[in-house]
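Below, each chain spelled out in residue letters.
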Amino acid sequence: MSIQDDQIKPGPQGSSAYQPLLDEIREGALLPGDRLREIELSERLGVSRTPVREAIRQLEADGLVTHVPRLGATVRSLDYAEVMELYEMRAVLEGTAARLAARAASDIELDELDVLNDRLAEAGTGPDAVRINKIFHATLLDAAKNRFLTKSTLSLQKALLILGPSQLLDSERAASAVAEHRRIMVALKARDGAAAESEMRAHIQAAQRMRIRALQERDRAKDQDL
């Protein structure tokens, strides 16, 4: 299983609403705290209320939606501590993937990672950059050749969707990510597992720092509006 296969397979009815709602959470069209009203969603998605209800139930099982008294189903919000914990676990899991890939990746897989990072550099920012970056991390995870690690990482990636749009929409972060990937690749090609893990952890921690800054700026903006 690849990290690209990030869809949980709900029942046949729920699947028609589940993926669109998951995409809206990923892209930031649905933000933390937004209410999920069955009638409104069924009209907007062009489906009956039954698949919408099943999709909301599945998103709740994923940990992306919660029920708030007097409001109903809402997109879940993460507090500061939860965000820190998520990124700490991401550093552990993806750092481990890099260490294992240094030992297990084929030369073909390493070449593909190089190609993907070059494409990421060319893409700059925007949807293409986000997609290519996702494939890069999925390819590295596959190269680690550990199914249990893959399953754990997929679960964590779902929780991270609550944070909203990718940071690669920021040009400075996009350029930094490419450079960080290149340092990871140097370690992978040297078959140096410890260095690969260290570089991957540094990569995730850089993303964590930027995410925390963004959350702090959002909270300050909210305070000013009060």
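Residues numbered from 1 in each chain as written. Predicted model: local features only at pLDDT ≥ 70, side-chain atom pairs only at ≥ 80, totals over all residues. Heavy atoms only, no water.

1. Here we look at the pairing of strand β2 (residues 72-75)
(1) Moving on: Here strand β1 (residues 65-68) pairs with β2 via 4 bridges, running antiparallel. Opposite T66, over in β2, you have T74 as the bridge partner.
(2) Moving on: Connecting β1 to the next strand, β2, in antiparallel fashion are 3 residues, including R70 with a positive phi near 70 degrees. (Pairing = 2+ DSSP bridges. Helix = DSSP H or I, 4+ residues; strand = E, 2+ residues; numbered from the N terminus.)

2. Some points on unusual backbone geometry
(1) Moving on: With phi around 70 degrees, R70 is a residue other than glycine that occupies positive phi space.
(2) Moving on: Structurally, R70 can be placed in the loop between β1 and β2.
(3) Moving on: A relative accessible area of 82% places R70 in the exposed class.
(4) Moving on: Here K145, not a glycine, exhibits a phi torsion of approximately 55 degrees, which is positive. (Buried < 20%, exposed > 50% of the residue type's maximum accessible area, 1.4 Å probe, protein only.)

3. What about the side chain of S42?
(1) Moving on: Relative to the assigned elements, S42 resides in helix α2 (residues 38-45).
(2) Moving on: Among the polar contacts listed, one links the side chain of S42 to the backbone oxygen of I39, at a separation of 2.8 Å.
(3) Moving on: Once you skip the residues sitting within four places of it in the chain, S42 turns out to touch V47, S48, R49 and V52. (Polar contact = N/O pair within 3.5 Å; in protein donor to acceptor, adjacent residues only side chain to side chain. Contact = heavy atoms within 4.5 Å.)

4. Some points on the nonpolar core
(1) Moving on: Counting 62 residues, the largest nonpolar core has L36, L59, L140 and L188 as its most contacted members.
(2) Moving on: Dropping the residues within four chain positions of it, L59 is found in contact with Y18, L21, L22, I25, L64 and V65. (Core = buried A, V, L, I, M, F, W, Y, C linked by side-chain atoms within 4.5 Å.)

5. Digging into the pattern of salt bridges
(1) Moving on: In total, this model carries 15 salt bridges according to the counting rule given.
(2) Moving on: R53 is paired through a salt bridge with E38; the nearest N and O atoms lie 3.2 Å apart. In this pair, R53 is assigned in helix α3 (residues 49-62) and E38 in helix α2, connecting sequence segments 15 residues apart.
(3) Moving on: Where E109 meets K145, a salt bridge forms, and the shortest distance between an N and an O atom there is 2.7 Å. Of this pair, E109 sits in helix α5 (residues 107-123) while K145 is found in the loop between α6 (127-144) and α7 (147-160), placing the two residues 36 residues apart along the sequence.
(4) Moving on: Here the salt bridges share partners, and the residues they tie into one network are E38, R49 and R53. (Salt bridge = Lys/Arg side-chain N within 4 Å of Asp/Glu carboxyl O.)

6. A closer look at the confidence of the model for the protein
(1) Moving on: Per-residue pLDDT for the protein has a mean of 88; in total, 89% of the residues score no lower than 70.
(2) Moving on: At the level of individual helices and strands, the protein shows its lowest average pLDDT in helix α9 (residues 193-225), which scores 84, and its highest in α5, which scores 97.
(3) Moving on: Scored below 50 in pLDDT, residues 1-14 shows 37 contacts in the model against residues more than four places distant or in partner chains. (pLDDT = per-residue confidence, 0-100.)

7. Some remarks on helix α4 (residues 80-104)
(1) Moving on: Given a rise of 1.5 Å per residue, 25 residues ought to cover 36 Å, and the 36 Å separating the end C-alpha atoms of α4 matches this to within 8%.
(2) Moving on: You can read the cap of α4 off the contacts: a side-chain oxygen lies 3.2 Å from the backbone nitrogen of A81, and it is on D79. (Expected span 1.5 Å × (residues − 1).)

8. A word on the packing of α5 against α6
(1) Moving on: Running from N to C, α5 and α6 point in directions that differ by 165 degrees, and their axes come no closer than 9 Å. With respect to α6, the axis of α5 lies roughly antiparallel. For the pair α5 and α6, the sense of crossing is left-handed. For the pair formed by α5 and α6, the contact residues are E109, E112, L113, L116, N117, R119, L120 and A123 on the first element and D128, A129, R131, I132, N133, I135, F136, T139, L140, D142 and A143 on the second.
(2) Moving on: Here the contact of α5 with α6 is built from residues that sort into 10 nonpolar, 3 polar and 6 charged. (Axes fitted to C-alpha atoms, helices over the stretch in contact; angles between N-to-C directions. Parallel < 35°, antiparallel > 145°, perpendicular 65-115°, else oblique. Left-handed = near helix turned anticlockwise from the far one by under 90°. Nonpolar A, V, L, I, M, F, W, Y, C, P; charged D, E, K, R; others polar.)

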